[in-house]
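# Descriptive structure summary
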Amino acid sequence: LAKTTQPISMDSYEGQEVNITCSHNNIATNDYITWYQQFPSQGPRFIIQGYKTKVTNEVASLFIPADRKSSTLSLPRVSLSDTAVYYCLVGDKDSGNTPLVFGKGTRLSVIA
Amino acid sequence: ETGVTQTPRHLVMGMTNKKSLKCEQHLGHNAMYWYKQSAKKPLELMFVYNFKEQTENNSVPSRFSPECPNSSHLFLHLHTLQPEDSALYLCASSQTMAETQYFGPGTRLLVL
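From a predicted model like this one, the values you see are computed outputs, not experimental measurements.

## Things to note about the overall build of chain A
- The secondary structure content of chain A amounts to 0 helices and 9 strands.
- Reading chain A from its N end, one meets helices and strands in the order β-β-β-β-β-β-β-β-β.
- In terms of overall dimensions, chain A is globule-like: its C-alpha atoms have a radius of gyration of 14 Å, near the 13 Å expected for 112 residues.
- Dimensions of chain A along its principal axes, counting C-alpha atoms only, are 40 × 30 × 25 Å.
- Out of the 112 residues belonging to chain A, those deemed buried represent 42%.
- Contacts in chain A between residues at least 24 apart in sequence constitute 57% of all its contacts with a sequence separation of at least 6.
- Entry remark: accessible area of chain A is about 5,700 Å², with carbon and sulfur atoms responsible for 49%.
- Seen as two clouds, the 10 positive and the 9 negative side-chain charges of chain A have centres 4 Å apart.

Have a look at this one:
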């Protein structure tokens, strides 16, 4: 399993764009990159997934450089409700036999 | 989301009690998981079931006993717990073991 490294915490003001970078130097050819968001006292929820280049949905964007050794989750114009822990996971979603592993995540605090 | 449900949502038990946590998924998934999350700490994977067969037991004490009667239901039987077992217990499911996990709302457990 590829290991991931993320900053432990980040602070941001409301209305700013937040970029959380995840390092995964040992990512395998078939691994995808998946990000989850977890609010206090709730289970994590899927935000976005990608393999290479850029993926965008209604919640966030995911930027993946050509070497795929890192990825950046971008949250546009954050609000107080975006305060949460964000997890970066890598794994071969088509393997069917190895569960994704959650690390410590990045605790984002949005300040008014 | 109501794809994964957990009952009870809150539980207070004494160290000599026996109780069970229930998880049900309505997503047609084949893999189910139990996680423990203590306050301000990372998710700890406890057990994984794939097609009703247990595939992982991450050194969990025997006072926690999982049961998976079918692909839609997962139980966690608790007996003679310790105060340090107080935590949020989360259930998740995924189509296959490597795919996106969908979490339930969790059971907040307090052991007195």
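The structure having been displayed, the exposition proceeds.
## Some thoughts on a nonpolar patch on the surface
Residues and elements named next belong to chain B.
- Taken together, the side chains of Val12, Leu110 and Leu112 define a hydrophobic patch exposed on the protein surface, amounting to about 290 Å² of accessible area.
- Tracing the sequence through the fold places Leu112 in the segment after strand 11 (107-111).
- What makes Leu112 exposed here is its relative accessible area of 58%.

## Points about the sheet that holds strand 7 (residues 64-70) of chain B
Residue and element names in this part refer to chain B.
- Spatial ordering of the open sheet is given by 1-3-8-7, a layout of 4 strands whose pairing is antiparallel. Two strands lie at the open edges of the sheet, namely strand 1 (4-7) and strand 7, each paired on one side alone. Averaged over all adjacent pairs, the angle separating strand axes in this sheet is 20 degrees, with direction ignored.
- In this structure, strand 3 (residues 18-25) lies alongside strand 8 (residues 73-79), joined through 7 bridges in antiparallel fashion. Bridge pairing in strand 8 places Lys19 opposite Leu78.

## Things to note about the nonpolar core
- Judged by nonpolar contacts, the single largest core of 22 residues is most densely connected at B:Trp34, B:Phe64, B:Leu76 and B:Leu78.
- Contributions of two or more residues to this core are made by strand 2 (10-13), strand 3, strand 4 (31-37), strand 5 (44-50), strand 7, strand 8, strand 9 (87-94) and strand 11 of chain B.
- In contact with B:Leu76, not counting residues within four places along its chain, are B:Lys19, B:Ser20, B:Leu21, B:Trp34, B:Met46, B:Phe47, B:Phe64, B:Ser65, B:Pro66 and B:Tyr89.
- Counting 20 residues, the second largest nonpolar core, distinct from the first, contains A:Leu62, A:Ile64, A:Leu75 and A:Leu108.

Each value, and the rule that gives it
- Residues numbered from 1 in each chain as written.
- Chains lettered and ligands numbered in written order.
- Predicted model: local features only at pLDDT ≥ 70, side-chain atom pairs only at ≥ 80, totals over all residues.
- Heavy atoms only, no water.
- Helix = DSSP H or I, 4+ residues; strand = E, 2+ residues; numbered from the N terminus.
- Rg over C-alpha atoms; globule rule 2.2 N^0.38 Å.
- Buried < 20%, exposed > 50% of the residue type's maximum accessible area, 1.4 Å probe, protein only.
- Contact = heavy atoms within 4.5 Å.
- Areas by Shrake-Rupley, 256 points an atom, 1.4 Å probe, with all protein chains shown as cover.
- Lys, Arg positive; Asp, Glu negative; His and termini not counted.
- Charge placed at Lys NZ, Arg CZ, Asp CG, Glu CD.
- Patch = residues over 30% accessible without salt bridge, like charges linked within 9 Å, V, L, I, M, F, W, Y side chains within 5 Å.
- Salt bridge = Lys/Arg side-chain N within 4 Å of Asp/Glu carboxyl O.
- Pairing = 2+ DSSP bridges.
- Axes fitted to C-alpha atoms, helices over the stretch in contact; angles between N-to-C directions.
- Core = buried A, V, L, I, M, F, W, Y, C linked by side-chain atoms within 4.5 Å.

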